[in-house]
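The residues making up each chain are set out below.
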Amino acid sequence: MWDQSLALLENKATDDKAGSKVDTAIEGFRKLIAQFPDDAAAQQNLAVGLLVQIKKFKEGGDSSRIPELEKECLAALAKLKQMQPDSTDAIVLESRIYVNRGDFTQAIKLMSEASAKPTATKDVWFQLIDLIGPDATDSELVEMRELLEKGLNQSSNSLVLNAYYLVTLAKLKDSKFSDQLEKCVELCRPLLSNEKRDLE
């Protein structure tokens, strides 16, 4: 049942306009959870399946089902948080519910919470930065700068994080911009050297 449900979820896509394949996968995960209520992977995959359906119905379909799907998804994520309190997965997935609703304030709040976890990966930071977006206010830019500094403490040589930090400093007219620009140039130097050798 597990393999079948996971396969249906991973292959949800193009020919499943009615959402029937994802419905089948979701039902499979519901049955697994009924048998094994403490299975974190089943809870997470149920939430992912429900999010897929929510997005599908939002884009066109039976939108009347969205509230019940959201309620079930939030319940699964609450259970997942209890089972994995140090994980970012449930928080990141919960933020997507609010992105689908268009409530970016709550989505950013949740992603900020996820980024503060010691297990936060660079992907969590990238998603948070994308949510804050290019039209950030000065106060949001200050918050972004602080978050990026925390991220760089964990991944000091991440080129993407350093580039985002550079742009944020530029928008804030921060005095650290010049030093950060030098760091970005140094991080890019090996890439530029490799490209030059490839052209020779």
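Whatever comes next refers back to the structure up there.
Residues numbered from 1 in each chain as written. Predicted model: local features only at pLDDT ≥ 70, side-chain atom pairs only at ≥ 80, totals over all residues. Heavy atoms only, no water.

1. A closer look at the overall build of the protein
Line of reasoning, step 1. Across its full length, the protein carries ten helices and zero strands.
Line of reasoning, step 2. Here the protein, with 200 residues, has 39% of them falling under the buried criterion.
Line of reasoning, step 3. Sequence-distant contacts in the protein: of pairs separated by 6 or more residues, those separated by 24 or more amount to 51%.
Line of reasoning, step 4. With an accessible surface of roughly 11,500 Å², the protein has 52% of that area assigned to carbon and sulfur atoms. (Helix = DSSP H or I, 4+ residues; strand = E, 2+ residues; numbered from the N terminus. Buried < 20%, exposed > 50% of the residue type's maximum accessible area, 1.4 Å probe, protein only. Contact = heavy atoms within 4.5 Å. Areas by Shrake-Rupley, 256 points an atom, 1.4 Å probe, with all protein chains shown as cover.)

2. Considerations on the packing of helix α2 (residues 20-35) against helix α3 (residues 40-59)
Line of reasoning, step 1. Put simply, α2 and α3 touch, their axes get as near as 9 Å, and they point 155° apart. Taken together, the axes of α2 and α3 lie roughly antiparallel to each other. Classified by chirality, the crossing of α3 by α2 is left-handed. Where α2 approaches α3, its residues Val-22, Asp-23, Ile-26, Phe-29, Arg-30, Leu-32 and Ile-33 are matched on the opposing element by Ala-42, Gln-43, Asn-45, Leu-46, Gly-49, Leu-50, Val-52 and Gln-53. (Axes fitted to C-alpha atoms, helices over the stretch in contact; angles between N-to-C directions. Parallel < 35°, antiparallel > 145°, perpendicular 65-115°, else oblique. Left-handed = near helix turned anticlockwise from the far one by under 90°.)

3. Remarks on the packing of helix α5 (residues 89-101) against helix α6 (residues 104-115)
Line of reasoning, step 1. The N-to-C vectors of α5 and α6 enclose an angle of 170°; their axes lie 8 Å apart at closest approach. Classified by the angle their axes make, α5 and α6 are roughly antiparallel. Within the contact between the two elements, α5 uses Ile-91, Val-92, Glu-94, Ser-95, Tyr-98 and Val-99 and α6 uses Phe-104, Gln-106, Ala-107, Leu-110, Met-111, Glu-113 and Ala-114.
Line of reasoning, step 2. Split by residue class, the contact of α5 with α6 holds nine nonpolar, two polar and two charged. (Nonpolar A, V, L, I, M, F, W, Y, C, P; charged D, E, K, R; others polar.)

4. Points about the nonpolar core
Line of reasoning, step 1. Ranked by size, the top nonpolar core spans 48 residues in total, and within it Leu-46, Cys-73, Leu-77 and Ile-132 carry the most contacts.
Line of reasoning, step 2. Looking at this core, the elements that each hand over two or more residues are α2, α3, α4 (66-83), α5, α6, α7 (122-132), α8 (138-154) and α9 (159-172).
Line of reasoning, step 3. No other element matches the nine residues that α3 contributes to this core. (Core = buried A, V, L, I, M, F, W, Y, C linked by side-chain atoms within 4.5 Å.)

The values reported here are purely geometric and, on their own, carry no functional implication.
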